[in-house]
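# Remarks on the overall topology
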There are 2 protein chains.
Amino acid sequence: MKDLLRDTGMRWTRQRQLIYDEILRRKGHFSAEVIWKKLTTRHPGMGLSTIYRTLQLLEDKKIIKRIPIAGETTIYECEDGTPHGHHHIFCTECGKTIEMHVDMLDSIEEIVMEKYGFEISGHTVMFNGICPECRARLKSDPGDDEPENNPLP
Amino acid sequence: MKDLLRDTGMRWTRQRQLIYDEILRRKGHFSAEVIWKKLTTRHPGMGLSTIYRTLQLLEDKKIIKRIPIAGETTIYECEDGTPHGHHHIFCTECGKTIEMHVDMLDSIEEIVMEKYGFEISGHTVMFNGICPECRARLKSDPGDDEPENNPLP
DNA sequence: GTATCTGCAAACCATTTGCATAGAT
DNA sequence: ATCTATGCAAATGGTTTGCAGATAC
């Protein structure tokens, strides 16, 4: 990373270091806001725009991947060697996103290209629903429609 | 529609009439902005917020369906009896959205529920790509990355 | 007559941008 | 010394909301 930037005339700064470390520390999915909230407490003055600019940069360098969730929010995930072909389920209760692996989906892109003549450049395959944990919580805690504390992904 | 509203104490206004007619006239997919642009030329003064409020209303009444396209835009489609289980392909060149029917997709929801324990409430299965028409146009008209319609700054 | 709608302007909210300054090389 | 990166504030763009006046019932 450090080298990757330097090779293209870009600079390795304290902020980029912090953001990069924070991302590696999580491993899962994360949002710009969450990264910012975490860092800004320990490092007041950290600008939210720096987070966005750095995430953009990391995306360009293929280190992370931006995943806009239709009508909901935007999350990112690390592009660690994980092979493509995984998709996501987003919990509308707690905001958590988990990956799903359904082989069947992998072949659909080709079918779509053949059948409709599109040159497919990407896809969004995303399910929304309520995760097992939230289902359990809602069952034992009916009436309460809002989750008690809503950590963003 | 008229009756559906009146039965719930809501009013059948000129604006709602116009919007409803315009939607029926199209049959396909449409955006709030497009409806507004069309109506506002013939009926100046028509407020964009009225469009949004009416589309919301029509959605509540299950007359149309809102389809947010991740990271791109939001479109709507009529809820004419078409059974569920059709998905979309969005052309990133011209913004057109077409429906696709791929049987395989229908069964995936169940698989996901079983495998991951989510209570699935919805899904976004959307492919992005370049439609056959735009592919042809781009081929005969290279260099021009933007679609033809280029409004003033 | 009165409660619902409308148009307008202002608010929103996540994200982006302009600019003067700080900082990396 | 140079030129990129940062923080701040202000801009953006699509959508929503508050409000006074207009309109359907």
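A brief report on the enclosed structure follows.

Reading guide: rules and limits
- Residues numbered from 1 in each chain as written.
- Chains lettered and ligands numbered in written order.
- Predicted model: local features only at pLDDT ≥ 70, side-chain atom pairs only at ≥ 80, totals over all residues.
- Heavy atoms only, no water.
- Phe/Tyr/Trp six-rings, centres within 6.5 Å; stacked < 30°, edge-to-face > 60°.
- Buried < 20%, exposed > 50% of the residue type's maximum accessible area, 1.4 Å probe, protein only.
- Helix = DSSP H or I, 4+ residues; strand = E, 2+ residues; numbered from the N terminus.
- Contact = heavy atoms within 4.5 Å.
- Buried area = accessible area lost by both parts, 1.4 Å probe.
- Salt bridge = Lys/Arg side-chain N within 4 Å of Asp/Glu carboxyl O.
- Polar contact = N/O pair within 3.5 Å; in protein donor to acceptor, adjacent residues only side chain to side chain.
- Near = heavy atom within 4 Å.
- Nonpolar A, V, L, I, M, F, W, Y, C, P; charged D, E, K, R; others polar.

Residue and element names in this part refer to chain A. One pass over the structure, following the stated rule, counts four aromatic pairs over all chains. Here Trp12 and Tyr20 contribute two aromatic rings whose centre-to-centre distance is 6.2 Å and whose plane-to-plane angle is 80 degrees, an arrangement assigned as edge-to-face. Per residue, the accessibility class of Trp12 equals that of Tyr20, and both read buried. Relative to Tyr76, the ring of Phe30 has its centre 6.0 Å away and its plane inclined at 15 degrees; by these criteria the two rings are stacked. With Phe30 in strand 1 (residues 29-30) and Tyr76 in strand 3 (residues 73-78), the pair connects residues that are 46 residues apart, well separated along the chain. The pair Phe30 / Tyr76 is uniform in exposure class, with both members buried.

Turning next to the interface of chain B and chain A. Taken together, the 38 residues of chain B in the interface contact 38 residues of chain A. For the pair chain B and chain A, the summed buried surface comes to about 3300 Å²; carbon and sulfur atoms form 69% of the total. For chain B, the biggest contributors to the area lost against chain A are B:Tyr116, B:Phe118 and B:Phe127; these three give 20% of the whole. For the pair chain B and chain A, the interface holds two salt bridges. Counting across the interface, chain B meets chain A through eight residue pairs in polar contact (both at pLDDT 80 or more). Only strand 2 (64-69), strand 4 (87-91), strand 5 (97-100), helix 5 (103-106), helix 6 (108-116), strand 6 (119-130) and helix 7 (132-140) of chain B provide two or more residues apiece to the side of chain B that touches chain A.

This part is about the protein's contact with DNA strand C. Around DNA strand C sit 20 residues, and of these A:Arg6, A:Arg11, A:Tyr52, B:Thr13 and B:Thr50 come closest. Each atom of DNA strand C within 4 Å of the protein was assigned to sugar, phosphate or base; sugar and phosphate come to 65%. The separation between a phosphate oxygen of DNA strand C and a polar side-chain atom of A:Tyr52 is 2.3 Å. One of the side-chain nitrogen or oxygen atoms of B:Ser49 is found 3.2 Å away from a base nitrogen of DNA strand C. Sorting the residues of the surface near DNA strand C by element identifies helix 4 (48-60) of chain A together with helix 2 (14-26) and helix 4 (48-60) of chain B as the ones contributing at least two each. Per-element tally for the surface near DNA strand C: the top contributor is helix 4 of chain A, with four residues. For the surface near DNA strand C, the class distribution of residues is five nonpolar, eight polar and seven charged.

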